[in-house]
Amino acid sequence: MELSTWQQAVPLVVAVILAIYVPGTLIAAAAGRRGTVELAALAPVVSLAIAGVGGVIAYPLGMRWEWWSYLMSCALVLVVVLSIAGRREAMRLMQRGLRHAETANRASSAGSIDSADSAQSGAATDTLQADSVRPASKRPTPQTFAQCCREVLRLCRFWLPACAGVALAALTVTLRLMRAVPSPEQVTQNYDSVFHDNVVARIMLTGQASSLHALPPIREVYPIAFQQFAALGGSAVPGASATTAITAAWLVFAALIWPISILYLVRVICGRRVISDFLAPALSAVSAGFPFLLLDWGTLYSMFAAQVVAPVLLALLWRWCRHDWKAGKATALDGLGWVAVGVIAVSFCHFRVTLTVILLALPLLLVWLVQAVGALRRANAKAFRIALGAGVLAVVAVLAVGFKIFVNMYLRTNSRPISGHLNGGPALPTEDIPSAIKRFALGVPIDSTDQRMAVFWPIAVLLIAAVVVALLAHTQESLIMVASFALLGFVFISCAGTHADWAKVVTALWYKDQRRLFAAWPIAALPLICWSLLWLLDMASSALARRGQSGRQPSLVLRSCALAVAAIIGLLACVANPQADGMQRAVGRTYAFAANGSDDPMLSRDEYLLLGRLGSHVGEGEGVISDPWNGSGFMLAIGRRTPYYAHLNMLWDYDHAYLALHLGNMKTDPQVCEIIQRNNLHWYLDMGGSYAPGDPQHAIFAGMRPVAGVMQPVDHQGRATLYWITGCGMGSRP
């Protein structure tokens, strides 16, 4: 048995692409969305929302969530959307018919037309109709040839920049991942990966995919929409491992969905422009360490997936607040419906990212609120007063409830006081406030060892210049984007730069975790960069026109030079980027196997391969005892067998706690044998020591060791050995 190759992972990648794009595209198109980029951006949002809701509904009904149930739910949603769209179209046609009838009635009542004029008009009409049916000459004329050439050039200009930008981003992410990770079957060996990889394996094995029952008894409520699509990819290829499936799904989200999401956000804000269509997706692959940032630290697959689709939700909010709400009742309701779909999708990936989106959208929402209040006041003073009073009461009520919850969680109880409000060691500040300000302004991430990456000066200079240009332009759009970037920076700096209690209050909704917030840096920065570049280009073109230059030649030359510079910047960022190179090396270290004889990280290649063979030895109903801190926590994901200790740390019951401390006393302690017999524990897996031997959570496993004379070795590779328990009356292996 050997590790799989990247070529063998291609079918899984294709399966994930089909699962997330085909149903979502059909439903978005049926709902009236148009345009390739819009459909490609909305399709993952639709599919994620359906998968998340479908998994929750399937669980209490006792249904397996897999390909057939997912496609059935997509088909049901498609039928509902088509019926609503058909009814809307019928009403529109009916209204048009009524308008035409009214027009005809008014025309008939205005009098008759002179008969002679009518006859002459009829003859002219006949002549025109006769001319219209004459066969056209089949010989191409210079005019038609030139028109064809112009049409081809128009289509290239229409499609090429966006396609080139997305293709460059996808190729960059794919090649960097393949260079960092020799096999897609490898795992990121850290605490969080044990949970995420085992969730995917559980969905593949049991078909249970409810975010309200994610991985019992380890964690019940947890958003797992990303893991659902990884499981679909793994289920489509017989024999595929959960680890390969989750790597394939990550690649689809990072290389395809992420650049398209950024492209869609920039298009909603800036419109369809050649420079931004190429530059936005290209820079998304290498800005501020994302999309590799969360893969290196913590392997936060759910948080990562939510960050990937967050730009689409922000774009939907932007379009509604700037346009849809004042474009008529039907358009406003349709826009709100899409915002709701986006909220559902992001929440089923990871609900806390909705808070990041709200943070980024807060200036936008405030501007809209002022405009909406002004419009309501002009339209109906009484309704304005009622709405204002209700709004104030609602805000006060929400703030009061939030304050009460905050006081109970952090001030009145000792379970989690504000002074200890951290999400583990990695959430500790890494520098002081001035240093954090500088790092955020330059877009510099840190890796999992808290080492700074290099500054990539082209993007850093573009961002600083963009902020200056946006402030000088002082349009509503530019000021909203600068305010969003500043708000994100304020919360990030509070995370990274200080351990003060006020910072914990500010960052309570984000775990006081700088990396998850820093992953949103491209969402705030790239639209600002693109908008500022386009604004400068338009100002320069207008200046040339005001100088009285004849023709379009100066403007065309200027725009061609700007496009060439943008292409160079995009290519340079993807190909020769020391910051991206540093993130690639960090990811390579995260995926690397332990050296033979080493306990850190969790798994060596030999240990991984032995876990992969467990299914050929261990029956489905037979329990396996092992120390989860030595890498055997991945047993479900790699070997498709559930270990007795399902996670690294839990509230262990009596049997689990006693056996962990006293397994080595099997020959002399009757309680050990009683627990083994009661829980049908036939196997013991020895894979060395803990990857974190000093962690107090591991102290409970001090009694874990093989016992000579009552354990029979069955399989081994390197120092990893699988034993059949012969003691405690369990008998010899059948």
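Thresholds, definitions, all that
- Residues numbered from 1 in each chain as written.
- Predicted model: local features only at pLDDT ≥ 70, side-chain atom pairs only at ≥ 80, totals over all residues.
- Heavy atoms only, no water.
- pLDDT = per-residue confidence, 0-100.
- Helix = DSSP H or I, 4+ residues; strand = E, 2+ residues; numbered from the N terminus.
- Contact = heavy atoms within 4.5 Å.
- 1 Å grid on protein atoms, 1.4 Å probe; cavity = no way out; pocket = protein on both sides within 12 Å on 5 of 7 lines; lining within 4 Å.
- Points joined across faces, edges and corners; volume = space filled by probe spheres on them.
- Pairing = 2+ DSSP bridges.
- Axes fitted to C-alpha atoms, helices over the stretch in contact; angles between N-to-C directions.
- Disulfide = S-S within 2.5 Å.
- Buried < 20%, exposed > 50% of the residue type's maximum accessible area, 1.4 Å probe, protein only.
- Nonpolar A, V, L, I, M, F, W, Y, C, P; charged D, E, K, R; others polar.
- Polar contact = N/O pair within 3.5 Å; in protein donor to acceptor, adjacent residues only side chain to side chain.
- Parallel < 35°, antiparallel > 145°, perpendicular 65-115°, else oblique.
- Left-handed = near helix turned anticlockwise from the far one by under 90°.
- Salt bridge = Lys/Arg side-chain N within 4 Å of Asp/Glu carboxyl O.
- Patch = residues over 30% accessible without salt bridge, like charges linked within 9 Å, V, L, I, M, F, W, Y side chains within 5 Å.
- Areas by Shrake-Rupley, 256 points an atom, 1.4 Å probe, with all protein chains shown as cover.

S.K.: Looking at this model, I keep getting lost on the confidence of the model for the protein. Mind explaining?
M.R.: Put simply, the protein has an average pLDDT of 86, and 87% of its residues get 70 or more. Of all the helices and strands in the protein, helix 4 (residues 115-132) carries the lowest mean pLDDT, 42, while helix 8 (residues 242-270) carries the highest, 96. The low-confidence segment residues 112-138, where pLDDT is below 50, has 1 contact with residues more than four positions distant or belonging to other chains.

S.K.: Can you help me understand the layout of surface pockets in this one?
M.R.: The method is simple in principle: a probe with the dimensions of a water molecule rolls over the atoms, and the space it marks as empty is what remains. Of the voids in this model, the second largest pocket is the one considered here, and its volume is about 960 Å³. Lining the second largest pocket are 24 residues, and of these Ile358, Leu362, Leu365, Val398 and Leu399 sit closest to its centre. If you list the elements that add at least two residues to the lining of the second largest pocket, you get helix 11 (301-322), helix 12 (329-350), helix 13 (352-379), helix 14 (381-410), helix 17 (476-497) and helix 18 (501-506). A total of 8 residues in the lining of the second largest pocket trace back to one element, the largest contributor, which is helix 13.

S.K.: Please clarify how the sheet that holds strand 3 (residues 711-717) should be interpreted in this entry.
M.R.: Within a beta sheet, neighbouring strands are joined by backbone hydrogen bonds and run either parallel or antiparallel to one another. Spatially, 4 strands are ordered 1-2-4-3 in an open sheet, and the strand pairing comes out mixed. With partners counted over all chains shown, the strands left at the sheet margins are strand 1 (623-626) and strand 3, one partner each. Put simply, the sheet's adjacent strands are angled 25° from each other on average, direction ignored. Inspection of the sheet shows strand 3 paired to strand 4 (residues 720-725) by 6 bridges, in the antiparallel sense. Its bridge partner lying in strand 4, glutamine 712 is registered against tryptophan 724.

S.K.: Would you mind showing me how to read the state of the cysteines here?
M.R.: All chains considered together, the criterion is met by 1 disulfide. Paired by a disulfide, cysteine 673 and cysteine 728 hold their sulfur atoms 2.1 Å apart. Looking down the S-S bond of the cysteine 673 and cysteine 728 bridge, the torsion is -65°, so its handedness is left-handed. Here cysteine 728 lies in the segment after strand 4 and cysteine 673 lies in helix 26 (residues 670-678), a separation of 55 residues in the sequence. Residue class for cysteine 673 comes out buried when judged on its relative accessible area of 16%. With no disulfide of its own, cysteine 530 lies 6.0 Å from the sulfur of cysteine 270, the closest cysteine sulfur.

S.K.: Just to check I follow, could you spell out empty space enclosed by the protein for this structure?
M.R.: On inspection of all chains with the given rule, the structure shows 4 cavities of 30 Å³ or more. The calculated volume of the largest cavity comes to roughly 110 Å³. Surrounding the largest cavity, 13 residues form its lining, Leu314, Trp318, Leu360, Met481 and Ser484 being those nearest its centre. Going through the elements one at a time, helix 8, helix 11, helix 13, helix 17 and helix 20 (521-546) are the ones with two or more residues in the lining of the largest cavity. Its residues placed into classes, the lining of the largest cavity shows 12 nonpolar, 1 polar and no charged. Taken as a whole, the second largest cavity holds about 50 Å³ of empty space. The wall of the second largest cavity is formed by Arg176, Ala285, Val286, Ser287, Gly289, Phe290, Phe292, Gln579, Ala580 and Met583. Here the lining of the second largest cavity is composed, by residue class, of 6 nonpolar, 3 polar and 1 charged.

S.K.: Help me understand the environment of glutamate 66 in this model?
M.R.: Mapped onto the fold, glutamate 66 is located in the loop between helix 2 (36-61) and helix 3 (67-109). What makes glutamate 66 partly exposed here is its relative accessible area of 24%. Note: C-alpha distance between glutamate 66 and glycine 207 (141 residues apart in sequence) is 6.0 Å. In terms of polar contacts, glutamate 66 uses its side chain to reach the side chain of arginine 64, at 3.3 Å.

S.K.: What am I meant to see in the packing of helix 6 (residues 191-206) against helix 8 here?
M.R.: For any two helices packed against each other, one specifies the inter-axial angle together with the distance between the axes. Across the interface, helix 6 lies against helix 8 with an axial gap of 9 Å and an inter-helix angle of 110°. Between helix 6 and helix 8, the angle is such that the two are roughly perpendicular. Within the contact between the two elements, helix 6 uses His196, Asp197, Val200, Ala201 and Met204 and helix 8 uses Ala242, Thr243, Ala245 and Ile246.

S.K.: Where do I start with the packing of helix 1 (residues 6-30) against helix 7 (residues 225-235) in this structure?
M.R.: Packing of helix 1 against helix 7 brings their axes to within 8 Å, and their N-to-C directions diverge by 125°. Here helix 1 lies oblique to helix 7, going by the angle between them. Classified by chirality, the crossing of helix 7 by helix 1 is right-handed. Contact residues: Leu12, Ala15, Val16, Ala19 and Ile20 in helix 1; Phe229, Leu232, Gly233 and Gly234 in helix 7. Residue composition of the contact of helix 1 with helix 7, by class: 7 nonpolar, 2 polar and no charged.

S.K.: Hey, could you run me through the pattern of salt bridges in this one?
M.R.: Once the charged atoms of two side chains with opposite charge are near each other, the side chains can pair. Applying the stated criterion across every chain yields a total of 18 salt bridges. Ionic pairing is found between glutamate 477 and arginine 322, a salt bridge with its closest N-O pair at 2.9 Å. Residue glutamate 477 is found in helix 17, and its partner arginine 322 is found in helix 11; the two are separated by 155 residues along the sequence. For arginine 322, a relative accessible area of 11% translates into the label buried.

S.K.: What exactly am I supposed to notice about the side chain of serine 261 here?
M.R.: If you trace the backbone, serine 261 turns up in helix 8. The class of serine 261 is buried, set by a relative accessible area of 1%. In contact with serine 261, not counting residues within four places along its chain, are Val308, Val309, Pro311 and Val312.

S.K.: What am I meant to see in the side chain of threonine 243 here?
M.R.: Relative to the helices and strands, threonine 243 is located in helix 8. Overall, the relative accessible area of 0% leaves threonine 243 in the buried class. At 3.1 Å, the side chain of threonine 243 and the backbone oxygen of glutamate 185 are in polar contact. Aside from chain neighbours lying at most four places away, what touches threonine 243 is Pro184, Glu185, Gln186, Val187, Asp197, Tyr608, Ala637 and Ile638.

S.K.: Which parts of the structure should I look at to understand helix 25 (residues 654-662)?
M.R.: An α-helix turns once per 3.6 residues; consequently, residues spaced three or four apart project the same way. All buried positions along helix 25 are accounted for by Asp655, His656, Tyr658, Leu659 and Ala660. Looking at the packing, one finds that the buried side of helix 25 touches strand 1, helix 26 and strand 2 (681-686). For helix 25, the capping residue at the N-terminal end is aspartate 653, with a side-chain oxygen 3.4 Å from the backbone nitrogen of aspartate 655.

S.K.: What exactly am I supposed to notice about the environment of alanine 230 here?
M.R.: Within the secondary structure layout, alanine 230 lies in helix 7. Exposure remark for alanine 230: the relative accessible area of 0% places this residue in the buried category. Taking the C-alpha atoms as reference, alanine 230 lies 5.1 Å from alanine 249; in sequence the two are 19 residues apart.

S.K.: Can you walk me through a nonpolar patch on the surface in this structure?
M.R.: Taken together, the side chains of Val10, Val14, Leu18, Val22 and Leu26 present a nonpolar region at the surface, about 410 Å² in accessible area. Mapping leucine 18 onto the fold places it in helix 1. On the basis of relative accessible area, leucine 18 is assigned to the partly exposed category, the value being 47%.

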